[in-house]
Structure formats: structure tokens, C-alpha cells
Amino acid sequence: MIATPKVAIALGGGGARGLAHIVVLEALDELGIRPVALSGTSIGAIVGAVYAADMAASEIHAHVQAILRDRSSVMANLLRARVGKFSDLWLQGGGNPVLLDARICLDLFWPDKVPDHFHELSMPLLVVATDFHDCCEVVFSSGALTPAVAGSMGIPGLFRPVEFAGRVLVDGGAVNPLPYDLLFDHADIVIAVDVTFGGRMRERRLPTPFGAMFGAAQIMQGAITAQKIKLRPPDILLRPPVDGFAVLDFLRAGQILRAAEAVKDELKRELALRIEAFQQA
């Protein structure tokens, strides 16, 4: 009998660029490879949870295209998820008038097929968030799914921190933007999909306040990832060519998905080599 290696995949944070994760998962589906485990941070946790809900990547692709096609409906949903008020600019110490509730966003945007709890998923899923008060990484793999993913995607300044499991959670990218290190004990081949950097300004001018906030976060996350890779790289590291897109470019979903198509052949070649090496070992 020919041994078949177990494959696991980590999906990193990066906002709208993380839609490229869907294309990578499509490549796995085309190869007939079902991961034995999946980890995700921020947008990676969102895509990972939908995929682990036993949806084919092509179904996720179609859902994203449909739900993000109409700008007016997207904006209407964001308004429904808004918890900040314009009066917050003058009250409560100068709050954010466009602050969003991450849980409401998930309920509005992701497919109905996604279950309420981790144990209802078709594969093990590890979701990374940051405990704001204890200043540490938190990994969720059981219990309620939505608040764990909501905490993982909680970009400060854009989403309200999530209170869950006795913790206050913010963006998992602050501690582990590409959580492939959680998968080495689960599989023979660990794939990591990095979409951290992108949306760089072509001219060296002062960024907007939002641009500076998101840009600084990406620099930090890139530095964390670079150090992790130096210590122990994943077996396969993929960087889809989506660096021309910004964190909030979700209305350019079609362009992002098309740009990421180029990564499919790379993954298939790399996997073929890794599988051959595993079988010969």
C-alpha cells in the first residue's frame, strides 16, 4: 500500500486579501485532498470556519461573489452591524462612530450552513484570537464558534472587542497572524497561506489615519510571521499575488479571486513534490 500523507492548512490574516484563501482551498478540492485540520486568524478564521462546515471551496467562491457583488446591500448590512454613533465623537472620550459588531457581521455575511459550535464542523478547526487584558494568544477549538471567530477578526478601531469565555478578545493577528505552528502535531504536510502585506501606497505621502493604523498593524504582523518562519517554516508557504489590494477592498472580491488563481499551480507542484518525498521516505 502507498502511504498517503496527512495535510493541514493555516490561513492567515490580511483582511480582504484573505479571500485568496478560497482559491487555495479550491486547489485542494481539485486534487481530492481534504485537510485533517485547519487553523485560521482573522479572515483566515472566517474562511476556515466556512470550509470546515463541509462546504466545497467552489460553493464558498460563489457565495462571496454573490454577497459582495451589490455595493448597496453590503453597505446596508454594515449599517445594521454598526454599534458606534456619530455622537461618540464628542461623548465617551471621542469614540469611533463607525465601530462594528463582529458577531453581527458574521451573521449577516457568512452562509447559513455554518453551525453554532465547533463540534458540528467536519474537521478540527483552531481559531486564534488575542486576549486583550492578559496580552496573550488564545486558541479556540471547542464550544461556541461565532464568538471565537468574531474575536479573531476584531481589528481594533474597526470592530468592538468581543467578550467571550471570560475574556476580552481582539484581532488574533496581534499575536499569531499565520498560525501554522499549531498544526505540526496534526499532519505530515503543513501548508501556510500568507496574505499579510498589501495595499502599499505608490507615492511616499502621508497615509490617512485609517491607512496608518492598518499599515502599522500589517508591518507588525509581517515581522511576527518573518520571525516564526526563521525558527521553523511550514512545509509549504504560499503567498498569493494579492498585494495590490488593501485590507478593506472587499468590494473588489472578484478581482482578488482572479488574481489569486495563479497560486493554484504553485500549490499543486509543491504538494506533488512533498507527497512524493513522503512516500519515498
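Above this note sits the structure.
The present account deals with the structure reproduced in this document. Treat the numbers as computed from the prediction; the structure is a model and nothing was measured.

Of note, Leu11 is situated in strand E1 (residues 7-11). Overall, Leu11 belongs to the buried group, its relative accessible area being 0%. When the C-alpha positions of Leu11 and Phe140 are compared, they lie 15 Å apart, and in sequence the two are 129 residues distant. Beyond its immediate chain neighbours, meaning those up to four positions away, Leu11 contacts His21, Leu25, Leu38, Ser39, Gly40, Thr41, Gly44, Val47, Gly48, Pro179 and Val193.

Relative to strand E6 (residues 167-170), strand E3 (residues 125-131) runs antiparallel, the two sharing 2 bridges. The residue of E6 that forms the bridge with Thr130 is Val170. Here strand E5 (residues 162-164) pairs with E6 via 3 bridges, running antiparallel. When the sheet's bridge partners are listed, Glu163 is paired in E6 with Val168. As consecutive antiparallel partners, E5 and E6 are separated by 2 residues, and within that stretch Ala165 has a phi angle of approximately 55°, a positive value.

Let's shift gears to the side chain of Asp171. Counting through the fold element by element, Asp171 comes out in the loop between E6 and strand E7 (189-193). No salt bridge is formed by the buried Asp171; its nearest oppositely charged neighbour, Arg17, is found at 10 Å. Within the local environment of Asp171, its side chain forms a polar contact with the backbone nitrogen of Gly173, the two atoms lying 3.0 Å apart. Beyond its immediate stretch of four places on either side in the chain, Asp171 contacts Thr41, Ser42, Thr130, Gly151, Ser152, Gly154, Ile155, Pro156 and Gln221.

Before going further, it helps to spend a moment on the pattern of salt bridges. The final tally for this structure, using the stated rule, is 11 salt bridges. With a closest N to O distance of 2.9 Å, Asp194 and Arg239 form a salt bridge. Highlighted residues: Asp194 in the loop between E7 and helix H7 (209-231) and Arg239 in the loop between strand E8 (236-238) and helix H8 (253-260), separated in sequence by 45 residues. Asp235 is paired through a salt bridge with Arg274; the nearest N and O atoms lie 3.9 Å apart. With Asp235 in the loop between H7 and E8 and Arg274 in helix H9 (residues 263-280), this residue pair connects regions lying 39 residues apart in the sequence. Relative accessible area serves as the criterion here: at 35%, Arg274 is assigned to the partly exposed category.

Moving on, we come to the pairing of E3. Along any regular strand, the residues point their side chains to alternate faces of the sheet. Counting buried positions along E3 gives 7 out of 7 residues, so the element sits mostly inside the fold. Alternating residues of E3 divide into Leu125, Val127, Ala129 and Asp131 and Leu126, Val128 and Thr130, and every residue in both groups is buried. Both strand E2 (residues 37-41) and E3 contribute to a ladder of 4 bridges, which runs parallel. Bridging across to E3, Leu38 finds its partner in Leu125. Relative to strand E4 (residues 136-140), E3 runs antiparallel, the two being bridged by 5 bridges. Across the sheet, the residue bridging to Val128 is Val139, located in E4.

The grouping of Val98, Phe210, Met213 and Leu248 at the surface amounts to a nonpolar patch, some 290 Å² of accessible area in total. In this fold, Leu248 is placed in the loop between E8 and H8. Residue Leu248 is classed as partly exposed on the basis of its relative accessible area of 41%.

Parameters at a glance
- Residues numbered from 1 in each chain as written.
- Predicted model: local features only at pLDDT ≥ 70, side-chain atom pairs only at ≥ 80, totals over all residues.
- Heavy atoms only, no water.
- Helix = DSSP H or I, 4+ residues; strand = E, 2+ residues; numbered from the N terminus.
- Buried < 20%, exposed > 50% of the residue type's maximum accessible area, 1.4 Å probe, protein only.
- Contact = heavy atoms within 4.5 Å.
- Pairing = 2+ DSSP bridges.
- Lys, Arg positive; Asp, Glu negative; His and termini not counted.
- Salt bridge = Lys/Arg side-chain N within 4 Å of Asp/Glu carboxyl O.
- Polar contact = N/O pair within 3.5 Å; in protein donor to acceptor, adjacent residues only side chain to side chain.
- Patch = residues over 30% accessible without salt bridge, like charges linked within 9 Å, V, L, I, M, F, W, Y side chains within 5 Å.
- Areas by Shrake-Rupley, 256 points an atom, 1.4 Å probe, with all protein chains shown as cover.

Limitation: the analysis is restricted to geometry and does not speak to function.
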